[in-house]
Amino acid sequence: MKEVSFRDDVLPLKDELFRLALRITQDRADAEDAVQETMLKVWSRREQWHELQSIEAFCLTICRNVALDKTKRAGRYNASLSDTAGIEQTDHSYSANPEEQAVQRDRVEMVRRLIAQLPEKLRTCMQLRDMEGKAYRDIAAILGITEQQVKVNIFRARQTLKQKFQQLEQHGL
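Residues numbered from 1 in each chain as written. Predicted model: local features only at pLDDT ≥ 70, side-chain atom pairs only at ≥ 80, totals over all residues. Heavy atoms only, no water.

**Comments concerning the overall build of the chain**
Selection rule: In this description a helix means any DSSP run of H or I spanning at least four residues, a strand means any run of E spanning at least two, and both kinds are numbered starting from the N terminus. Partly exposed describes any residue whose relative accessible area lies between the buried limit of under 20% and the exposed limit of over 50%, with all areas from a 1.4 Å probe on protein chains only and scaled to the type maximum. Pairs of residues are marked as contacts when any of their non-hydrogen atoms sit within 4.5 Å.
Secondary structure summary: the chain contains eight helices and zero strands in total. For the chain, the proportion of its 173 residues judged to be buried stands at 40%. Expressed as a percentage of contacts within the chain between residues at least 6 apart in sequence, the contacts between residues at least 24 apart total 64%.

Set out below in structure tokens:
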């Protein structure tokens, strides 16, 4: 195992931890608190660092659990993603047509709402894979499940989103 340094290995993860916490808590202040609490917990367990295969997976797991605890305590378990401030904005440079831009904005908002409605494990697996670019092995370590279950969860999340999106597009519900 390589020697782990808080400054060189843990602190650079703060932005990634924040994005994960923000997706779960849907609130900037709670996400910031979750990251801070994560950093404290990681530091307090520094004697275990030499036993870890991945400090990143360790930090993400703690952050996920802290963010879920905050969300459950606040009663916002499946809050809408439309309330998230600071999450990446859609790039509208592809078109000068305001109507196309409005339709695209509505679709992005619809997808955000649909993602927010997914069960937590499906949503987290999909976000870690599709938005953070994590490997299946890393996601499995973070969530404490098998790689096969990660793949199943991602497949189910994508299928659910696809079906719900198609229903909304066809019926305008």
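**Digging into the state of the cysteines**
Rule in force here: When the sulfur atoms of two cysteines come within 2.5 Å, that pair is taken as a disulfide.
A complete count under the given rule lists zero disulfides for this structure. You can see Cys63 has no disulfide; the closest cysteine sulfur is in Cys59, sitting 8.8 Å from it.

**Digging into the side chain of Thr71**
Basically, it comes down to this: Polar contact is the term for a pair of N or O atoms within 3.5 Å; when the atoms are in protein, one must be able to donate a hydrogen and the other to accept it, and sequence-neighboring residues count only if both atoms are side-chain atoms.
By the secondary structure assignment, Thr71 is in helix α4 (residues 55-74). In this structure the side chain of Thr71 is engaged in a polar contact, spanning 3.4 Å, whose partner is the backbone oxygen of Ile24.

**What to know about the packing of aromatic side chains**
Stated formally: Aromatic pairs are defined between Phe, Tyr and Trp rings, using the six-membered ring for Trp, whenever the two ring centres lie within 6.5 Å; interplanar angles under 30 degrees are classed as stacked, those over 60 as edge-to-face, and all others as tilted. By definition here, charges over rings are those cases where NZ of Lys or CZ of Arg is within 6 Å of the ring centre and within 35 degrees of the ring normal.
Overall, the coordinates contain three aromatic pairs when judged by the stated rule. Pairing Phe6 with Trp43 gives two aromatic rings, centres 5.3 Å apart and planes at 80°, and the pair type is edge-to-face. With Phe6 in helix α1 (residues 6-10) and Trp43 in helix α3 (residues 28-44), this pair connects stretches of sequence that are 37 residues apart. Assessed through its relative accessible area of 41%, Trp43 is described here as partly exposed. Every member of this aromatic cluster is reached through a ring pair, and the members are Phe6, Trp43 and Trp49. Directly above the ring of Tyr136 sits Arg129, whose terminal nitrogen or CZ lies 4.1 Å from the centroid.

**As for the pattern of salt bridges**
Applied cut-off: Every case where a carboxyl oxygen of Asp or Glu lies within 4 Å of a side-chain nitrogen of Lys or Arg is listed as a salt bridge.
For the coordinates displayed, the defined rule picks out eight salt bridges. Between Glu56 and Lys134 there is a salt bridge, with its nearest N and O atoms 2.1 Å apart. Here Glu56, found in helix α4, pairs with Lys134, found in the loop between α6 (120-131) and α7 (136-143); they are 78 residues apart in sequence, far enough to count as distant. Of the charged contacts, one joins Glu120 and Arg64 as a salt bridge, the two residues approaching to 3.0 Å between their closest N and O atoms.

**Observations concerning α7**
Owing to its 3.6 residues per turn, the α-helix brings residues three or four apart onto one side. Threshold: This arc corresponds to the set of directions leading from the helix axis out to the C-beta atoms.
Every buried residue belonging to α7 is among Ile139, Ala140, Ile142 and Leu143, and all of these are buried. One side of α7 holds all its buried residues, which, seen down the axis, span an arc of 165°. On its buried face, α7 is in contact with α4, α6 and α8 (147-171). In the stretch just after α7, Gly144 is the one whose phi turns positive, near 70°.

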